[in-house]
Every structure is written in structure tokens, then in C-alpha cells.
Amino acid sequence: MSGHRPEAVREASDRPELVDLSVVVPAYNEETRLGPTLTAVIAYLDANEGRWGAWEVIVADDGSTDGTRDVVTALAHPRVQLVGAPRNRGKGHALRLGVAASHGRRVLVTDADLAAPIEELERLDKALSEGHAAAIGSRSVPGADIANHQHPVRELLGRAGNLLIRTTAVPGIRDTQCGFKLFEGDRARAAFAASRLDGWGIDVEVLRHFHRADWTVAEVPVRWSHQPGSKVGPLDYGRVLADLARIRARAVRPADLVAVTLFLLLAVALYSGRFFDPAHRYLPDSLQDQNQWEWFFAVTADNVAHLRNPLFSDLQGFPDGVNLMANTVMLGLSVPFAPITLAFGPAVALSLCMTLGLAATAAAWYWLFLKRVVRHRAAAFIGACLAAFAPPMVSHANAHPNFVILFMIPLIIDRALRLCAGTRVVRDGIVLGLMATYQIFLGEEPLLLASIGMTLFAAAYAVLRRDVARQSWRPLLKGLMLAGAVCLPIVAYPLYWQFAGPQSYKSVLHGDNAGNSPLALIAFAERSLMAGNAERANSLSLNPTEQNAFYGWPLVAVALAIVVRLWERTLVKALAFTAVAAALLSLGPKIRIPLTDTVYSGPWALLAHKPLFESVIEGRLAMICAPALGLLLAIALERLAATRRPTTQYVGLLGIALALIPIVPAPLKSEPRAQVPAFIADGMWKSYVHEGESLVPVPLPDPGAAEALHWQTAADLGFKLPGGYFNGPYGTERIGIYGASPRYTSNMLRDVRYTGKAPTIGPNWQAQAKQDFAYWKAGALVLAPQPNDGPLRDTLEKLTGRSGKWTGGVWVWDLHEGS
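Numbering of residues begins from 1 in every chain and follows the order in which that chain's sequence is written. Where totals are concerned, whole chains, interfaces and linings use all residues; where local detail is concerned, this predicted model gives features only for residues with pLDDT of at least 70, and gives and counts side-chain atom pairs only at 80 or more. Side-chain measures here rest on the full set of heavy atoms in the structure, leaving out hydrogens and waters.

Observations concerning the packing of aromatic side chains
So, point 1. Ring pairs are drawn from Phe, Tyr and Trp, using the six-membered ring of Trp, whenever the two centres fall within 6.5 Å, and their geometry is named by plane angle: stacked under 30 degrees, edge-to-face over 60, tilted for the rest. Applying the stated criterion across every chain yields a total of 20 aromatic pairs.
So, point 2. Relative to W497, the ring of Y493 lies with its centre 6.1 Å away and its plane at 55°, an arrangement referred to as tilted. Placement of both Y493 and W497 in helix α21 (residues 466-500) is noted, with a separation of four residues, approximately one turn of the helix.
So, point 3. An angle of 70° between the planes, with centres 6.0 Å apart, marks the rings of W604 and F613 as edge-to-face. By the burial criterion, W604 is buried, and F613 matches it.
So, point 4. Through a chain of ring-to-ring contacts, three or more aromatic side chains come together here, namely F183, F192, F210 and W215.
So, point 5. Comment: the charge-over-ring label is applied if NZ (Lys) or CZ (Arg) is within 6 Å of the ring centre and within 35 degrees of the ring normal. Just above the ring of W811 sits the side chain of R793; from NZ or CZ to the centre is 3.5 Å. Runs of E in the DSSP output that reach at least two residues are strands. Runs of H or I that reach at least four are helices, and both are numbered from the N terminus. Only protein chains enter the area calculation, which uses a 1.4 Å probe; residues under 20% of their type maximum are buried, those over 50% are exposed, and those in between are partly exposed.

A few points about empty space enclosed by the protein
So, point 1. Think of a 1 Å grid over just the protein atoms. A cavity is a set of points where a 1.4 Å probe fits yet cannot get out, a pocket is an open set with protein on both sides within 12 Å along at least five of seven lines, and lining residues have an atom within 4 Å of a point. Grid points are joined across faces, edges and corners, and a volume is the space filled by probe spheres set on the points. Tallied over the full model, the rule gives two cavities of 30 Å³ or more.
So, point 2. The computed volume of the largest cavity comes to approximately 40 Å³.
So, point 3. F389, A390, P391, V394, A525, R527, S528, I663 and P665 are the residues that line the largest cavity.
So, point 4. Quantified by volume, the second largest cavity comes out at close to 30 Å³.
So, point 5. Along the walls of the second largest cavity sit D285, S395, N398, E526, R527, P544 and Q547, which together make up its complete lining.
So, point 6. Considered class by class, the residues forming the lining of the second largest cavity number one nonpolar, three polar and three charged. Ten residues, namely Ala, Val, Leu, Ile, Met, Phe, Trp, Tyr, Cys and Pro, are considered nonpolar, four, namely Asp, Glu, Lys and Arg, are considered charged, and the remaining ones, Gly among them, are considered polar.

What to know about the confidence of the model for the protein chain
So, point 1. Within a predicted model, pLDDT stands for the predictor's per-residue confidence, ranging from 0 to 100. In this model, the protein chain carries an average pLDDT of 90, and 91% of its residues clear a pLDDT of 70 or more.
So, point 2. In this model, residues 1-15 is a region of pLDDT below 50 whose contacts with residues beyond four sequence positions or in other chains number 33 contacts. In what follows, a contact means two residues having at least one pair of non-hydrogen atoms within 4.5 Å.

Remarks on helix α26 (residues 646-660)
So, point 1. By this rule, a helix spans an expected 1.5 Å times one less than how many residues it contains. With 15 residues, α26 should cover 21 Å at 1.5 Å per step; its first-to-last C-alpha distance of 21 Å lies within 8% of that length.
So, point 2. Inspection of α26 places I656, A659 and L660 among the buried residues, and these make up the whole buried set. Buried residues along α26 cover an arc of 95° about the axis, so they all sit on one side. Residues of α26 that are exposed and point over 90 degrees away from its buried face: P646, T647, Y650, V651 and L658.
So, point 3. Tucked into the core, α26 has its buried residues touching α16 (377-389), α23 (553-565) and α25 (625-642). Here, the arc refers to the directions that run from the helix axis to the C-beta atoms.

Considering helix α8 (residues 202-212)
So, point 1. Most of α8 sits out of view: eight of its 11 residues are buried.
So, point 2. Of the residues making up α8, those classed as buried are I202, D203, V204, E205, V206, L207, R208 and F210.

Points about a nonpolar patch on the surface
So, point 1. Residues enter patches when they are more than 30% accessible in relative terms and free of salt bridges; like-charged ones are connected within 9 Å and nonpolar ones (Val, Leu, Ile, Met, Phe, Trp, Tyr) within 5 Å. Using the Shrake-Rupley algorithm and a 1.4 Å probe, accessible areas are obtained, with residue cover drawn only from the displayed protein chains. Every case where a carboxyl oxygen of Asp or Glu lies within 4 Å of a side-chain nitrogen of Lys or Arg is listed as a salt bridge. Taken together, the side chains of V426, I430, L434 and I490 define a hydrophobic patch exposed on the protein surface, amounting to about 320 Å² of accessible area.
So, point 2. If one sorts the elements of the nonpolar patch by residue count, helix α19 (residues 425-440) sits on top with three residues.
So, point 3. Structurally, L434 is set in helix α19.
So, point 4. For L434, a relative accessible area of 46% puts it in the partly exposed group.

With respect to the packing of helix α12 (residues 289-305) against helix α15 (residues 346-372)
So, point 1. Helix axes use the C-alpha atoms of the stretch in contact, all axes being lines fitted to C-alpha atoms, and the angles between their N-to-C directions lie in the range 0 to 180 degrees. Between α12 and α15, whose axes approach to 9 Å, the crossing angle comes to 105°. With respect to α15, the axis of α12 lies roughly perpendicular. Of α15, the residues touching α12 (which contributes Q290, W293, E294, F297 and A298) are P346, A347, A349, L350 and C353. Working rule for angles: under 35 degrees goes down as roughly parallel, over 145 as roughly antiparallel, 65 to 115 as roughly perpendicular, anything else as oblique.

This is the structure in C-alpha cells:
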């Protein structure tokens, strides 16, 4: 406050050093309304001095340019004083001066219009007497009596503003802006002295100070009547929003900013091989997934730009098309990233999305750990790093943004925990439903895996703390039902399209070998900086993007030591059960004992063939262990930080460091990207592919070779492709497969590509090829230089009956009659 006192002007008689009640009235150009207000306040306090004791009234003038000061001077009351500033600074500045000048055990702040009668002070005083640090008048709680309403537009803006305030700054308080508040004096002076806002946002800033200090605030219904002459103008609503932004910005601690910055730097370092030149770099361990995901972002942006159905496209898989909802196109991000995709290309958009998304996921885990489990920020940071950058996450970071952009999962977990508290079940249930809706458009399988993890944790915790379970299950169940009621109507049509729309399928079968080997749980991933072993990791996983465990034996040993040492804590037991159960489920329906031929039925066998679960790659269940292990580490680190035994600290920190250092991820491998042939890049294809036709790369693009998708995005999606890399139906049973339904000619061309051996081409093959070309509505066949391109060229010449034309770096066969 020292920065404000020199400019204050005081006009007051000698006054006592301590009074029972201070009434602070901020005023700016209130010459007309201030006099009746002061008269009413003084008359009430004089008449009830036996109740209120010694009192004072402080008028805090905000640089008025009318006769406001003269009103106070003319009153000449010994208990009324004037403080103020020479120029207008705002209500917040005036209140800061007024409260600083107060000496009351209790401080009442009331607006100059006295919209809430001074008699309502009794209601606030009763709430303060019940142990609250502040009691604020409210027009929005049951029992409030509004005699004269504001203009409907102002009321609507006020309600919207209060909803935003509750969400961002002061949870639980419905009406922060009612100008009638009673505070404990010392706490009021501390809160106003700590405030920095000069405008209307001062109310929110002070109440947030009380909230952060755990000083309870009671919201009390009052009689209220709108008075003409309000100083709140249309622009002031915008200023309040700006004040809210300042409050939130100042609430962020420097340590939190450092943590988020480090998460971003870690994400950039992981993607450094592609991040700085995404259009010309490729992640080889993504196999063909980088091409696929860039196509997903490109086609979504194209659909948005042309107002087409974002759930379907026939740009690949032509003419049947692709059910985009049945493929994880992440509409929750690919749609909002559409402007970036259109402006800078899908490679830039995907790279930026994955980098920012990974950092946001780490920040979300950090926030959850701090809010729910630990207070030590360094402990939360290390735990969040493991949750977001664990070996399985790094493996998926090559190719699967839906499994690394998981920032909604911690928010969903927090909202479920709020439901268990049972305080605001309706609100929290609605919010949870909206969160689940958004997560569905980010990735359904991660939501399913998170639900499995939360169920395992809840079951363990309920068994260990039955008293908590008895209190929590009803509000949790009610909230989940509300969440379903909110979510299902929104996602009903997209889910219908996914499961029953064009090119939908039943399930994608992965066989019985998609589970983890027990050895994979304790081995090291390929991209572990210190201990990575590509040969060993690939022998224990499906491919480099599915190294779904690989936590390393040192981390497993340290986690076991933490569980044993902190076994008395219920949370530790529940986390241990969650991690162990998820690891067991990740072994799949059949578990083979390493180094033996002994096979046992695993617990996943109970779920493997159930709807939804049948398409899950069960090895991914080990990803549930990442946040569980991160939480165990955070708890242990906080415990070590609190101990006063240097030896214990040293040994504990050394053990954790030795467990984490081997799995620190190395940057993802990248290599120069193959150039797009000039035939595509320079638009030469346009004279060969007419409207409604397709361009047929040879062999057709499939999950093993999808570079043609990059051709297509480089050509701004100007032509359609048969074949492709996506999930689609096969056969009358509509079983899910990767890629388009094969045809005789596409299979034959693929065999030639991989074997170098062409079949004898006779009339039957020629007739079949003609039929397949017609089905694809092919305008041209395009053969780029590649392994076995000689046999492929010979085969195409025999199928079409003519030689191809070398142009733009490729061989081209024009399939139009008379060409």
C-alpha cells in the first residue's frame, strides 16, 4: 500500500485507533446519490449502536469531478471521513485506499447507490459470526429478493460474467459483483493491500485471495434493487474480462511456468529431427503412419474448407471411400488445426500438433498431480515427465498422436474425483459429459484404456476404504449418468456413422500375439537414450510404434521398493494394484512363460472377444502403468524432500535417478523425405486424370507402402486414389482390415513389387485388369522408380497392351480410349 498512500487526501477529525465496524463507500461523481446513502447509513448505525459498537464511515473518492467531496465536507460528521486520489483510477483503486484507511474489526464495503439496504448488514454479520472470514451479499442464491431488475441485457451479461468468474477465478461463488460485502477487518486489509487491479475486477481479485488463503466466504441472499445512475458502461464488461486475465496470469507461479516451458522443450527435443523442417523430414519408425496422419489432417481441412461431411472421404479407397469416423482422424484437433493445415500444409500442422499436444499432456498430468496428490512441484514435475514421456509414449510418439495427445485424460480423472466428493454433482456431471465428448473426437481407444485404469484404481480404493466408497458411489453414479445423458446425444450421430455408416466395419482383429511378453515389462525400449536396444526391443514388440511397455527393470525395482516402503498409504496400495493389474492385462489372452513352452490363459481372455474390447491391441494396456508409476515416484520424491535424514535422501534420490536415467528418451529418428515426382508436384497429372477419375499408383498404396498419400497431399488433394492406408471393411462379414478391399490386379501388382516375379499375362489377366481399372475409374497408371520396377513395367505393358511414357520422373500409362 505504500505506493498509494502519498497521493491520498484525508479530510477527517481525529478518530479512534480501533473501532468495531468500518463502512467503506467507493464514490465517483456521486454528488446526487451519496448524500441519501450516508444519511441512511448513519441513521441506522446510530440507532443500533448497542449492537454495532463504535463505527466509522469512510468515503473513498475516486477523483470525482463534481461535488462528491463537498457532500462529505458539508455533512461534517465526526465519524465520517474522506480519503481519495486527485484523479480517477477506478473502483479498485478507491476501495484499496478506503480499506487501508479503515480500523474496524469488521469492514463493510457497500456501493454508493446502496442498492442493498444497510439493514441487510444483519444477515452478513450473522454469517460472519458463524465462523466465516467474509460474508458477501448475493442476488443469485435462494432467498435473494430483487425488487427492481436491471436491463435484461445487463442481467444476461452479468450472469455470463459470473459463470466465467466461477470457472476461472472463484469457484463456488455465484455473485461476486454485488456491492455489499462484510469482511473480517485484518483479513480485508491484507487482501486489499495485496490487490493490484484498479478496475471493477477488484471484487474478484479480493475473493480469489480469500479462496487461495482458505478463508471461508459465505454467500448470503439479500434484498436488492437496481438504482438508476450506474457507472458500469458497456466497455466495462470487456475491462472485467481483461482483469480476469490479469488475475489468472498473476496466479501462475514461476515454478509452474518453468515446468510447462521444460515440457515444451522436452517435446521439441524429442521431435527435433522433424520439428524444424517437417515438410522434408520423415520419421522412419512411424512406418507409413506419418503419411497416413498427414493425409487425415489434409482431408479434414479440405472438408472443412469446402463445407463437406468431415466423417467421410472418397479421396483414397476410391470409389468406395473411407469412413473417417471409423478411423482415428482426431477431429477434435484436426478441425481446429484446419487453418494451419490450409496455410502451411499438413506436415507442419501435424508436427506442431503432436509437439504441443505432448507438452500439454505433460502439463495436464503435472496439474493433476499437484492438485490431487503432492504439493512439492519438483516431485510433480518428475512424475508428470514419466507419465507423458514414458517409453511406450515415446514409441507411439513416432506415429500415433491419439496416444500421446492425452491432455483431456487428467482433466477427466479430476472431474470424476469431484463427483465422488458429491458437492456439485449436476455441474460436474455435465462438465464430465462434455469432456468425454471431446475426448471421443480425440481418440476413443485412449478413453477406453483410461476408463479401464480408473476402474481398476476405483475398485482397489473401494476395497481398501469402504467408508469412502459408501459416501462416494451414489454421487459418482449420478454424475456418470448425467455425463452419459450429455455425451450420448452429441456423439450419437457420429457413432452411428462410425458403426453403421458407409465403409464401416465390425472390428479389426489382431490375433493372439498382440499382448506383451512378460520380458517386455522389464526390458528397455529402442529409443531409451542410455540402454536402448533396437534388436531386443523389436523382438519383444509388434513394431517400433508398438513398444507398449519397456519400463526397464531398474524402474520396476524402484517402484516395488516405493510400494513396500509406503505400504501404509491407501493411495500407494491402490496405485500398485492398478499398475500390476494393467500389466497383467497387457500380456493378452494367452501368456507364455519366457524361455519355456508353457502357456496360460491370461485375464484379458475374459474381455478379448467382447464388443469394443475386441479391437484393442492389448499390449497397449501397459500404457496405464505410466501415470501410476509417475504418481508413485511423485509421492516418494515428496516424502524424500520432507525427511531430515541426509542419508535417506541421498540413497532414495540416487535410486530414483538410476531408475530414470536408462529410460530417458533419445530424439526420434528422422531421415530426408523422398521427393514427390515432378509429374505430381508440377501438376502434369492433370492432363491424364479427368473429372470423376482416379490416379492409380503402381502398386496401389497400402499399409506397407503409402507414399502415394504424400503425393496426393502435395497435389492439394487434386486427384483420387484407389487403395490406401486406412481401416475399412472386407467381405460380406465386413471384418475390419488395414487398407482397401483387395482386387485381383492390386494383389498381383503387389506380389510383383515384393517378389520381382511376374505371372504369365494372358487374356484372362488382361480382362481382369480391364475390369479392375474400370472399377477404380482409372485415368492413368503411374509407376515411380522403386525396387523391381522393371518387372512391374513389363507387367503393365502386357496388361495394357502398350508401352508407358516416361514423363516427370515416372512411367505413365494413359488409359483413355485412343490415347
